[in-house]
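Tertiary structure, described
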Amino acid sequence: MGRRRGLRRLAVLLLALALAAGGIYTAVYFVQRSETLVSERCTASAGNRSGELAPDQAANAALITAVAVRRGLPARAATIALATAMQESKLRNIGHGDQAGPDSRGLFQQRPSQGWGSEAQIMDPYYAVNAFYDALVKIPGYEALDITDAAQRVQRSAHPGAYAQHEDMGRAFASGLTGQTPEGVKCTLRSATATGDAAAVAGELEQAYGGVDSQADGATLVVEADGEMAWSIAQWAVANAKDLAVTRVDVAGRTWQRSGGDWQDSTTAAGQVRITLRQGDGGS
């Protein structure tokens, strides 16, 4: 009798353990499943203009805009560049052309045969962006031109009217990424899996903006900046969060966190942008 009672208790215990294990497995499965189903995207809004890009496109948009800021160009220049690159390459650094331009390459589909540089140069996004701006600023009054007219005078495309369809996207991202519209750029991303490298982020910032005063504080890169420049750098970090393993960005009393994707209140000190990176196993 005692033996049977003991066996029943053991069976009940084993059943309870099995149910608990099953519950844990189910919870983990649904967490992983929900993470997988997150649609990664970056959005921008400025006034009545808005746009949406994939994270890799947003990173290229951030570079294009940062170079405009570095050169002291107006946001309009970045708008024209973004609309042009979206039409030419979908804002991706592609290594091929099309039937109309078989030797076209890069973000702006620039052609070595038309004097834009060597293929290797054109495939360097920094070179390509600066080459585009070099040509744009030579156009008298380009800031007042329609997107289509300004882009066409640089690109000489077979389809000049196509640039206009990307104007809203270009204006929204240019406004946010230049810092003219605080909190204009947001990204919804899955959890970071790579470990962030503060030195690498500092190098990318320096290459994009030039003259950036930054230093590492553990897993956080602290950048000295304020005003529009602070918001430009902060939203550059958000747009690059996927590749750079950024988990949090703090600026001007606001914070963007990868886990939420929106801007919220924070206690960031004035005059600083704090870019926090994933620390690896057990890190943030």
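Residues numbered from 1 in each chain as written. Predicted model: local features only at pLDDT ≥ 70, side-chain atom pairs only at ≥ 80, totals over all residues. Heavy atoms only, no water.

For the rest of this paragraph, the subject is the confidence of the model for the protein. Residues at a pLDDT of 70 or more form 84% of the protein, whose mean pLDDT is 88. Across residues 24-37, confidence stays below pLDDT 50; counting only partners more than four residues off in sequence or on other chains, it has three contacts. (pLDDT = per-residue confidence, 0-100. Contact = heavy atoms within 4.5 Å.)

Spatial ordering of the open sheet is given by 2-1-3, a layout of three strands whose pairing is antiparallel. Of all the strands in the sheet, just strand 2 (49-53) and strand 3 (185-188) have a single pairing partner and so form its edges. The sheet shows a mean angle of 15° between the axes of neighbouring strands, direction not considered. Sheet topology places strand 1 (residues 41-46) next to strand 2; five bridges connect them, and they run antiparallel. Its bridge partner lying in strand 2, Ala46 is registered against Arg49. (Pairing = 2+ DSSP bridges. Helix = DSSP H or I, 4+ residues; strand = E, 2+ residues; numbered from the N terminus. Axes fitted to C-alpha atoms, helices over the stretch in contact; angles between N-to-C directions.)

Now for helix 6 (residues 147-155). Where helix 6 is concerned, the buried positions are Ile147, Thr148, Ala150, Ala151, Val154 and Gln155. The inward-facing, buried residues of helix 6 contact helix 3 (75-89), helix 5 (125-136) and helix 7 (167-177). A positive phi of about 55° marks Arg156, the residue just after helix 6. (Buried < 20%, exposed > 50% of the residue type's maximum accessible area, 1.4 Å probe, protein only.)

A positive phi angle, close to 60°, is found at Lys90, a residue other than glycine. Structurally, Lys90 can be placed in the loop between helix 3 and helix 4 (119-122). For Ala252, which is not a glycine, the phi torsion comes out positive at approximately 50°. In this structure, Ala252 sits in the loop between strand 6 (246-251) and strand 7 (254-257).

Viewed as axis vectors pointing N to C, helix 2 (residues 55-70) and helix 9 (residues 227-239) meet at an angle of 155°, and their least axial separation amounts to 8 Å. By the angle class used here, helix 2 and helix 9 are roughly antiparallel. Between helix 2 and helix 9 the crossing geometry is left-handed. Taking contact as the criterion, the partners of Pro55, Ala58, Ala59, Ala62, Ala66 and Val69 in helix 2 are, on helix 9, Met229, Ser232, Trp236 and Ala239. (Parallel < 35°, antiparallel > 145°, perpendicular 65-115°, else oblique. Left-handed = near helix turned anticlockwise from the far one by under 90°.)

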